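The primary structure of each chain is shown beneath.
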Amino acid sequence: MQLVGIEMLNIFGGSAYLDVDQLASHRGLDKTRFDNLLMKEKSVALPYEDPVSLGVNAAKPIIDALSDSEKDRIEMLITCTESSFDFGKSMSSYMHDYLGLNRNCRLFEIKSACYSGTTGLQVGINFVLSQVSPGAKVLVIATDISRFLVAEGGGVLSEGWSFAEPSSGAGAAAMLVSDRPYIFQVDVGANGYYGFEVMDTCRPVADSEAGDSDLSLLSYLDCLQQSFSEYQKRVPDANYLESFSYLAFHTPFGGMIKGAHRTMMRKMLKAKADVIESDFEERVFPGLIYCQRVGNIMGATTALSLVSTIEHGEFYSPKRVGCFSYGSGCCSEFFSGVVTAESQEYLKQFNIADKLDQRYPLSMDEYDALIKESTTVRFGTRNVKLDTGFLDGVRNSSDMPRLFLKEIKEYHRLYEWSQ
Amino acid sequence: MEKKNVFLIVKDVISEVLPDVDSDGVKIEQNLKSLGANSIDRTEIVMLSMERLGIKLPLVSFGGVENIEEMVDVLVDNT
C-alpha cells in the first residue's frame with residue numbers, strides 16, 4: 001500500500017481573542033445551561049486580517065522548514081474557504097505569491113462550507129495516490145473568518161442564530177499532503193461520505209451569515225451516523241469504540257460534539273451514561289481543547305481538532321484517529337489515519353499552544369470597536385488603506401513575523417509582514 | 001399511537017433530559033426553549049422520544065418544528 005497523508009500541519013489561530021462568556025453576557029443571551037455548550041474563547045479577525053493573511057501565517061512556518069527542492073515539489077495549492085472576497089479570483093494566487101512557491105503549480109479554491117478543508121485534503125490525497133507526478137506535494141490551506149454580525153430580520157433562519165456569534169472564530173490550517181505522512185498517515189480507501197440538500201446554515205449575502213441552528217445540529221447528527229455506516233461498509237471490522245484511540249470532530253462548539261458522541265455511543269454500542277462520559281473524556285476531549293480556544297473556524301475546524309488530538313493525546317505507540325467533517329448544505333465524511341510519537345514531535349516545532357497564548361485579549365469595548373472598524377473592508381471594497389494603528393498592541397503581540405492586510409487598491413489586496 | 005399517549009412519552013423524556021422541569025406542568029403548546037432546553041437538549045429529546053416509540057426517521061424531519069405539539073405531530077405521523 002502506498003503511503004500518503006499529511007506530511008506537515010500547522011494552525012494559525014489569529015492574533016486576538018475574546019472571552020465567550022463575557023460576550024454572551026454583553027449580548028444578553030439566555031445563559032441557562034450555557035456551560036453545557038463548552039465554549040471558552042474565540043479568535044477574532046482584525047480589520048487588517050483576512051483569509052489570505054491567516055492562511056499564509058499558517059503555511060509560512062511549514063514552507064520555511066522545507067529545502068528549496070522540497071518546496072519546488074508543491075504542485076498544487078488549494079484554498080478551502082467560505083470567506084473569500086472574490087467570486088472569480090482564487091485566494092490561492094495571493095498565497096502562492098506571499099509564500100514564494102514554484103509557478104508550475106495548480107492554484108484553485110474549494111467551497112463546501114465547513115467541509116471544505118476535508119474536501120481539499122481528499123483532493124490532495126488522491127492526487128498523490130494517482131502518481132501522475134511522483135513525489136509531488138499538495139499544500140491545502142483551509143482558512144475562514146466570521147467578520148460581521150448575523151443577517152438581520154427574517155423568521156426561521158434567524159431564530160436562535162444569535163449563538164453563532166460566540167461560537168464563530170477566525171483562523172486557518174495549512175496541511176502539506178505528500179507520500180511522507182509524518183503527521184497523519186491516511187487509511188487509504190477508508191472513507192464514508194454522505195451528503196444531501198438541506199438549508200441549515202449558509203452565507204447567502206456578503207459579509208454575513210444566516211442559519212437554523214437546530215436544523216444544523218439535526219443534520220450534523222444524521223450525517224455522522226450515515227457517514228460512519230458507510231465507513232463501516234468499506235472497513236467491515238470497524239467498530240466505533242474499538243477501532244479508534246481518538247476521535248477528531250468538526251467542532252462548531254464543544255457541547256455539540258459531546259451530544260454527537262453520546263448519540264453514537266448509544267446508537268452503535270447501547271452504552272450507558274457513565275461509560276459514555278469517561279469515553280468522551282478519554283477519546284474526544286483532547287480534540288476539543290484548541291477548538292474551545294479558537295472557536296469554529298469552519299473549513300479549518302476538523303484539522304484544528306486533529307492537531308489538538310495529536311498534541312493532547314498519548315501516542316507512545318501508533319494510534320488510529322477517526323475524523324468526522326461536516327459542511328452545512330450539506331456534505332460530510334468520516335475518515336481515519338494513524339498518528340505516531342514522531343507526529344507529536346514534528347508538531348512541537350510550530351509552538352501552537354504558545355502562539356494561542358500570545359493572542360491579544362480583547363475587551364468588550366475593543367471588540368465592538370473592531371466590528372465597527374471592520375466595515376471598512378466590507379465585501380466589494382475597491383480602495384482602502386488599513387489603519388495600522390488600530391489596536392496597535394495586537395500587531396506586536398507575537399514574536400514571529402506575521403502577514404497583515406495593508407491596502408486594497410482597485411480591488412487588489414496588498415499585504416505586509418510585521419517586524 | 002394516539003397523540004395524547006405520544007405526548008405522555010415526550011413529557012417523560014423531557015423530565016429525563018431536563019430534571020429541573022416539572023413534567024406534569026408541561027403544556028403541549030409550549031416550546032422546549034421556554035422550558036430551558038438548549039439546542040443539544042432539544043435534539044436529545046427528539047432522539048430519545050423516537051427511541052421510546054421505535055421510530056426511525058432522519059433527524060432533519062424535525063427541522064422547523066416550533067413547539068412540542070408540532071414535534072408530537074411528526075412522531076404521531078410516523079408511528
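In this report, we go over the structure that sits alongside the text. Computed from a predicted model, the values in this text were never measured in an experiment.

Bringing the packing of helix H7 (residues 213-234) of chain A against helix H8 (residues 254-269) of chain A into the picture now. All names here are of chain A. Contact pair H7 / H8: the axes reach a minimum separation of 11 Å and the direction vectors enclose 45 degrees. On the basis of their axis angle, the class for H7 and H8 is oblique. Between H7 and H8 lies a crossing of right-handed hand. Seen from H7, the contacting residues are Leu217, Tyr220, Leu221, Leu224, Gln225, Phe228 and Gln232; seen from H8, they are Met256, Ile257, Ala260, Thr263, Met264, Lys267 and Met268. Looking at the contact of H7 with H8 residue by residue, the classes come out as 10 nonpolar, 3 polar and 1 charged.

All names here are of chain A. Under the defined criterion, the tally for this structure stands at 19 aromatic pairs over all chains. A centroid spacing of 5.2 Å and a plane angle of 45 degrees characterise the contact between Phe87 and Phe379, whose relative ring orientation is tilted. Separated by 292 residues along the polypeptide, Phe87 in the loop between strand E4 (74-80) and helix H4 (91-99) and Phe379 in the loop between helix H14 (364-373) and strand E15 (384-385) bring together distant segments of the chain. Overall, Phe87 belongs to the exposed group, its relative accessible area being 78%. With centroids separated by 6.2 Å and ring planes inclined at 70 degrees, the aromatic side chains of Phe228 and Phe244 adopt a geometry described as edge-to-face.

What follows deals with unusual backbone geometry. Residues and elements named next belong to chain A. Each neighbour pair has its own omega, and for Gly329 with Cys330 the value is 5 degrees, a cis peptide bond. Relative to the assigned elements, Cys330 resides in the loop between strand E12 (319-327) and strand E13 (331-339). With phi around 45 degrees, Met298 is a residue other than glycine that occupies positive phi space. Along the chain, Met298 falls in the loop between helix H10 (291-294) and helix H11 (301-312). Note on Met298: relative accessible area 4%, which makes it buried. A positive phi angle, close to 50 degrees, is found at Glu410, a residue other than glycine. Residue classification places Glu410 among the partly exposed positions, given a relative accessible area of 45%.

The subject of this paragraph is the pattern of salt bridges. All names here are of chain A. A full pass over the atoms with the stated rule returns 30 salt bridges over all chains. For Asp368, the salt bridge identified is with Arg27, shortest N-O distance 3.7 Å. With Asp368 in helix H14 and Arg27 in the loop between helix H1 (20-26) and strand E3 (41-43), this pair connects stretches of sequence that are 341 residues apart. Its relative accessible area of 28% is what places Asp368 among the partly exposed residues. One salt bridge in this structure joins Arg413 and Asp50, with 2.9 Å as the shortest N-O distance. Placement of the pair is Arg413 in strand E17 (residues 412-417) and Asp50 in the loop between E3 and helix H2 (51-64), with a sequence separation of 363 residues. For Arg413, a relative accessible area of 7% gives the class buried. Here Asp50 falls in the buried class, since its relative accessible area comes to 0%. Several salt bridges converge on common partners, so that one network encompasses Glu41, Arg293, Asp357 and Arg359.

Taken together, the contact between chain B and chain A spans 20 residues of the former and 23 residues of the latter. At the boundary of chain B with chain A, total buried surface from both sides reaches about 1800 Å², with 56% on carbon and sulfur atoms. Considering only the surface of chain B that becomes buried against chain A, Ile40, Leu59 and Val60 of chain B emerge as the three largest contributors, covering 30% of it. Counting across the interface, chain B meets chain A through 4 salt bridges. The shortest N-O distance in the salt bridge between Arg266 of chain A and Glu44 of chain B comes to 3.1 Å. Taken together, the connections running from chain B to chain A amount to 5 residue pairs in polar contact (both at pLDDT 80 or more). At 9 residues, helix H2 (residues 39-53) of chain B tops the list of elements feeding residues into the side of chain B that touches chain A. In terms of residue class, the side of chain B that touches chain A is built from 9 nonpolar, 6 polar and 5 charged.

Let us now look at the pairing of strand E11 (residues 246-249) of chain A. Residues and elements named next belong to chain A. Residues Tyr246 and Ala248 point to one face of E11 and Leu247 and Phe249 to the other, with burial holding for every one of them. Bridge analysis of E11 against E12 gives 4 bridges, and the strand direction is parallel. Residue pairing across strands places Leu247 opposite Gly322, the latter belonging to E12.

What links the strands of a sheet is backbone hydrogen bonding, and the strands pair in either a parallel or an antiparallel sense. Residues and elements named next belong to chain A. Read across the open sheet, the 3 strands follow the order E15-E16-E17; overall the sheet is antiparallel. The outermost strands of the open sheet, each flanked by one partner alone, are E15 and E17. Helix-sheet contacts for H4 involve strand E16 (403-409) and E17, and the interaxial angle to E17 is about 30 degrees.

As a further point, take the sheet that holds E11 of chain A. All names here are of chain A. Spatial ordering of the open sheet is given by E5-E4-E6-E7-E1-E8-E13-E12-E11, a layout of 9 strands whose pairing is mixed. At either margin of the open sheet sits one strand with a lone partner, and together these are strand E5 (106-110) and E11. For this sheet the average axis-to-axis angle between neighbouring strands, irrespective of direction, equals 25 degrees. With 7 bridges connecting them, strand E6 (residues 137-144) and strand E7 (residues 171-178) associate as antiparallel partners. Looking at E7, one finds that Val140 is bridged to Met175.

Calculation rules
- Residues numbered from 1 in each chain as written.
- Chains lettered and ligands numbered in written order.
- Predicted model: local features only at pLDDT ≥ 70, side-chain atom pairs only at ≥ 80, totals over all residues.
- Heavy atoms only, no water.
- Axes fitted to C-alpha atoms, helices over the stretch in contact; angles between N-to-C directions.
- Helix = DSSP H or I, 4+ residues; strand = E, 2+ residues; numbered from the N terminus.
- Parallel < 35°, antiparallel > 145°, perpendicular 65-115°, else oblique.
- Left-handed = near helix turned anticlockwise from the far one by under 90°.
- Contact = heavy atoms within 4.5 Å.
- Nonpolar A, V, L, I, M, F, W, Y, C, P; charged D, E, K, R; others polar.
- Phe/Tyr/Trp six-rings, centres within 6.5 Å; stacked < 30°, edge-to-face > 60°.
- Buried < 20%, exposed > 50% of the residue type's maximum accessible area, 1.4 Å probe, protein only.
- Salt bridge = Lys/Arg side-chain N within 4 Å of Asp/Glu carboxyl O.
- Buried area = accessible area lost by both parts, 1.4 Å probe.
- Polar contact = N/O pair within 3.5 Å; in protein donor to acceptor, adjacent residues only side chain to side chain.
- Pairing = 2+ DSSP bridges.

No statement about biological role is implied by the geometric values presented.
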